[in-house]
Amino acid sequence: MGKENLLKLINFRPITDNDLDFLCELYADTRADEMTLSGWEQTEIDKFLNMQFNIQHKQYMDNYKKAQFEIVLYNKVPAGRLYVDRRKKEIRIIDIALLRQFQRQGIGSRIMKNLITETDDKQVPIGLHVEYNNPAMGLYERLGFKKCELIGIYYFMKRNPSPKS
């Protein structure tokens, strides 16, 4: 699919309390591979992931008061989430996640490229944290992000803006 057609299919809207079930489902989807290794019953997994989602959601809401918390829509269907804190001297991606069925279609790349264009226009760096074993790290590196620091299991990665011509 061409870049322009893909762009037309990707939209965003602010999250609401009505999205909590979807957001919890998305969170569980991002942890599915990990949970298969747990050996737990599905009811235990569901309870654990629900608890973890609620803790994470509260932490995001409490610690990023000025951030934008959005649902990623692909062809008007909820496909993921994009949480971004646009600061004066940096754009920080708090979280970007897509349901597995929407991955590897260029959606995440297009979202990231749009954010990079924004940072280049504003001449501010863009940063994010990513788990050291997350396959998305390869995408971030291809887009010019550099590993700056390993914090626990997360790399802090940063991309400086391209100089204006």
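The coordinates are above.
Residues numbered from 1 in each chain as written. Predicted model: local features only at pLDDT ≥ 70, side-chain atom pairs only at ≥ 80, totals over all residues. Heavy atoms only, no water.

Attention shifts here to the pairing of strand E7 (residues 154-159). Taken together, the six bridges between strand E5 (residues 126-131) and E7 define a ladder with antiparallel strand orientation. Pairing of Leu-128 across the sheet is with Met-157, part of E7. Between strand E6 (residues 146-151) and E7, which pair antiparallel in sequence order, lie two residues; one of them, Gly-152, sits at a positive phi of approximately 65 degrees. (Pairing = 2+ DSSP bridges. Helix = DSSP H or I, 4+ residues; strand = E, 2+ residues; numbered from the N terminus.)

What the largest pocket holds in volume is close to 1,800 Å³. Lining the largest pocket we find 45 residues, and of these Thr-30, Ile-96, Val-130, Asn-134 and Ala-136 sit closest to its centre. Counting residues per element, the lining of the largest pocket draws most heavily on strand E4 (residues 91-98), at seven residues. Class assignment for the residues of the lining of the largest pocket results in 22 nonpolar, 12 polar and 11 charged. (1 Å grid on protein atoms, 1.4 Å probe; cavity = no way out; pocket = protein on both sides within 12 Å on 5 of 7 lines; lining within 4 Å. Points joined across faces, edges and corners; volume = space filled by probe spheres on them. Nonpolar A, V, L, I, M, F, W, Y, C, P; charged D, E, K, R; others polar.)

Quick look at the sheet that holds strand E3 (residues 77-86) now. Pairing between the strands of a sheet comes from backbone hydrogen bonds, and it takes one of two forms, parallel or antiparallel. The strand order across the open sheet built from seven strands is E1-E2-E3-E4-E5-E7-E6, with neighbouring strands paired in mixed fashion. Strand pairing shows two members of the sheet lacking a second neighbour, strand E1 (10-14) and E6, which therefore form its edges. On average, adjacent strands in this sheet sit at an angle of 30 degrees to one another, irrespective of strand direction. The sheet contact formed by E3 and E4 spans seven bridges and is antiparallel. In the sheet register, Tyr-83 faces E4, and the bridge partner there is Asp-95. Contacts between helix H4 (residues 42-63) and the sheet are confined to strand E2 (68-74), E3 and E4, with E3 contributing the most and set at about 40 degrees to the helix. Helix H5 (residues 107-122) contacts E1, E2, E3, E4, E5 and E7 of the sheet and is inclined by roughly 170 degrees relative to E4. (Axes fitted to C-alpha atoms, helices over the stretch in contact; angles between N-to-C directions. Contact = heavy atoms within 4.5 Å.)

Let us look at unusual backbone geometry. In the Ramachandran plot, Asn-75 falls in the positive-phi region, its phi being about 55 degrees despite a non-glycine side chain. Tracing the backbone shows Asn-75 in the loop between E2 and E3. Owing to a relative accessible area of 49%, Asn-75 belongs among the partly exposed residues under this scheme. Of note in this structure, Gln-123 is not a glycine but carries a positive phi near 55 degrees. Looking at where Gln-123 falls in the secondary structure, it is placed in the loop between H5 and E5. (Buried < 20%, exposed > 50% of the residue type's maximum accessible area, 1.4 Å probe, protein only.)

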